[in-house]
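Residue-level listing of the chains:
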Amino acid sequence: MTSPMVGRLVVRMAERHNVPGPVAQEMLTGSRPCLHLVPFQDLTPAQQKETRPAARTGGLPALPDGIDWPDGREPLVLTVDCAALPQGVLDIELPPEGSLLFFTDIEYEPESSVVLHVPAGARTTERTAPNELIEGESWQPTVYEPGVLYAVPGLTVAPDWRNAPATSAFRDGGADRDDALDRFEDAVRKAAAGGAAHGVSVQLGGFSRPWQSAPDEGDLVLLAQIHGQSIDLDVYTQTLIVGTRENISRRRYANLEFEQQV
């Protein structure tokens, strides 16, 4: 469901790009909100004046007493400060406080991946990467350089929105219509994010933008999409994390599904 403000934005972009009103309405009908987590330099000057940190890539995890680095020993790629996220934006339910820690391998197909919620106020200790002996050689999980991310509300559209009746008829009206829709969709995404750049970023909620088949189908919705380059510029993968709305809202993160695409 979209807010009246987003509706007006889409209509305004449609008028600017000579896209008919019914087409704009079909885009809106299938749209879902998201949050982009982006570095400071990708914000507009106005956003830079008002923002606060909402997440961190890489680094070492701060874990409560009695909780160790997950058994799979996957790297920590993302820590989200739930209280710092804009409230009431997403249509999935995240914890209102505490931190979400994402452990997964972004360089190779992960053998196991984990999302942990650390409650606010929990006594935590920063954990060093565990050192293990594997086939006679010392091994540790990769620890990525920490980077601060800032949350920007955004809008995603259903992957099949162009098959809706009015949009399909518009596309059939000329060879340049698909290009016009590309420009319209790009303009809507940029305007919804307030002008912030978010091409290579972390996304929470909304529809995925996969390189291959979309994993958020049927009862599964996107929790997070993590571009490898948002963690390390030399990693050209994306990790998509999906689950049912119920499992996400009830914090049954052990039931999430992880998919890496290259």
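Please read these numbers as outputs of a predicted model, since none were measured by experiment.

Chemist: Can you walk me through the pairing of strand 1 (residues 32-38) in this structure?
Modeler: It is a general feature of regular strands that their side chains alternate between the two faces of the sheet. Extensive coverage of strand 1 is indicated by the burial of seven of its seven residues. Of the two faces of strand 1, the one holding Arg 32, Cys 34, His 36 and Val 38 and the one holding Pro 33, Leu 35 and Leu 37 are both buried throughout. As defined by bridge partners, strand 1 adjoins strand 11 (residues 202-204) across three bridges and the pair is classed as antiparallel. Bridge pairing in strand 11 places His 36 opposite Gln 203.

Chemist: What's the story with the sheet that holds strand 1 in this structure? I'm lost.
Modeler: Working definition: the strands of a sheet are paired by backbone hydrogen bonds and lie parallel or antiparallel to each other. Overall, antiparallel pairing links the ten strands, which are arranged 6-5-4-2-10-1-11-12-13-14 in an open sheet. The open sheet terminates on both sides in strands that have one partner only, identified here as strand 6 (114-118) and strand 14 (257-261). Neighbour to neighbour, the strand axes of the sheet diverge by 25 degrees on average, direction disregarded.

Chemist: Honestly, the packing of helix 1 (residues 4-16) against helix 2 (residues 21-29) in this entry has me stumped. Any pointers?
Modeler: Each pair of packed helices can be summarised by the angle the axes make with each other and by the distance between the axes. Axis separation between helix 1 and helix 2 bottoms out at 9 Å; the angle between their running directions is 140 degrees. Note that helix 1 runs across helix 2; the crossing there is right-handed. Mapping the contact onto sequence places Val 6, Gly 7, Val 10 and Ala 14 in helix 1 and Ala 24, Met 27 and Leu 28 in helix 2. Looking at the contact of helix 1 with helix 2 residue by residue, the classes come out as six nonpolar, one polar and no charged.

Chemist: Please explain the environment of Trp 69 as it appears in this structure.
Modeler: Here Trp 69 is to be found in the loop between strand 3 (62-64) and strand 4 (76-81). On the accessibility criterion, Trp 69 (5% relative accessible area) is buried. Here the alpha-carbon distance between Trp 69 and Val 23, two residues 46 residues apart in the chain, equals 49 Å. If sequence neighbours within four positions are ignored, Trp 69 has contacts with Leu 60, Pro 61, Leu 63, Glu 74, Pro 75, Leu 76, Phe 103, Arg 127, Thr 128, Ala 129, Pro 130 and Pro 141. Side-chain polar atoms of Trp 69 contact the backbone oxygen of Glu 74, separated by 2.9 Å.

Chemist: Would you mind showing me how to read the pattern of salt bridges here?
Modeler: Side-chain pairing between opposite charges can occur once the charged atoms of the two side chains come close. Scanning the entire structure with this criterion turns up twelve salt bridges. The partner of Asp 91 in a salt bridge is Arg 32, with the nearest N and O atoms 2.8 Å apart. A residue pair is termed long-range when its members are at least 10 positions apart, and Asp 91 in the loop between strand 4 and strand 5 (99-103) and Arg 32 in strand 1 qualify at 59 residues. Two residues, Glu 246 and Arg 252, come together in a salt bridge whose shortest N-O distance is 3.3 Å. Using a relative accessible area of 32% as the deciding quantity, one classes Arg 252 as partly exposed. Overlapping salt bridges bring together Arg 162, Arg 171, Asp 178, Asp 182, Glu 185 and Arg 189 as one network.

Chemist: Looking at this structure, I do not really get the packing of helix 1 against helix 5 (residues 177-192). What am I missing?
Modeler: One way to put it is that helix 1 packs onto helix 5 with a least axis distance of 9 Å and a crossing angle of 140 degrees. When the axes of helix 1 and helix 5 are compared, the pair comes out oblique. The handedness of the crossing between helix 1 and helix 5 is right-handed. Along the contact surface, helix 1 presents Leu 9, Val 10, Met 13 and Ala 14, while helix 5 presents Phe 184, Ala 187, Val 188, Ala 191 and Ala 192. A class-by-class count of the residues in the contact of helix 1 with helix 5 yields nine nonpolar, no polar and no charged.

Each value, and the rule that gives it
Residues numbered from 1 in each chain as written. Predicted model: local features only at pLDDT ≥ 70, side-chain atom pairs only at ≥ 80, totals over all residues. Heavy atoms only, no water. Buried < 20%, exposed > 50% of the residue type's maximum accessible area, 1.4 Å probe, protein only. Helix = DSSP H or I, 4+ residues; strand = E, 2+ residues; numbered from the N terminus. Pairing = 2+ DSSP bridges. Axes fitted to C-alpha atoms, helices over the stretch in contact; angles between N-to-C directions. Left-handed = near helix turned anticlockwise from the far one by under 90°. Contact = heavy atoms within 4.5 Å. Nonpolar A, V, L, I, M, F, W, Y, C, P; charged D, E, K, R; others polar. Polar contact = N/O pair within 3.5 Å; in protein donor to acceptor, adjacent residues only side chain to side chain. Salt bridge = Lys/Arg side-chain N within 4 Å of Asp/Glu carboxyl O. Parallel < 35°, antiparallel > 145°, perpendicular 65-115°, else oblique.

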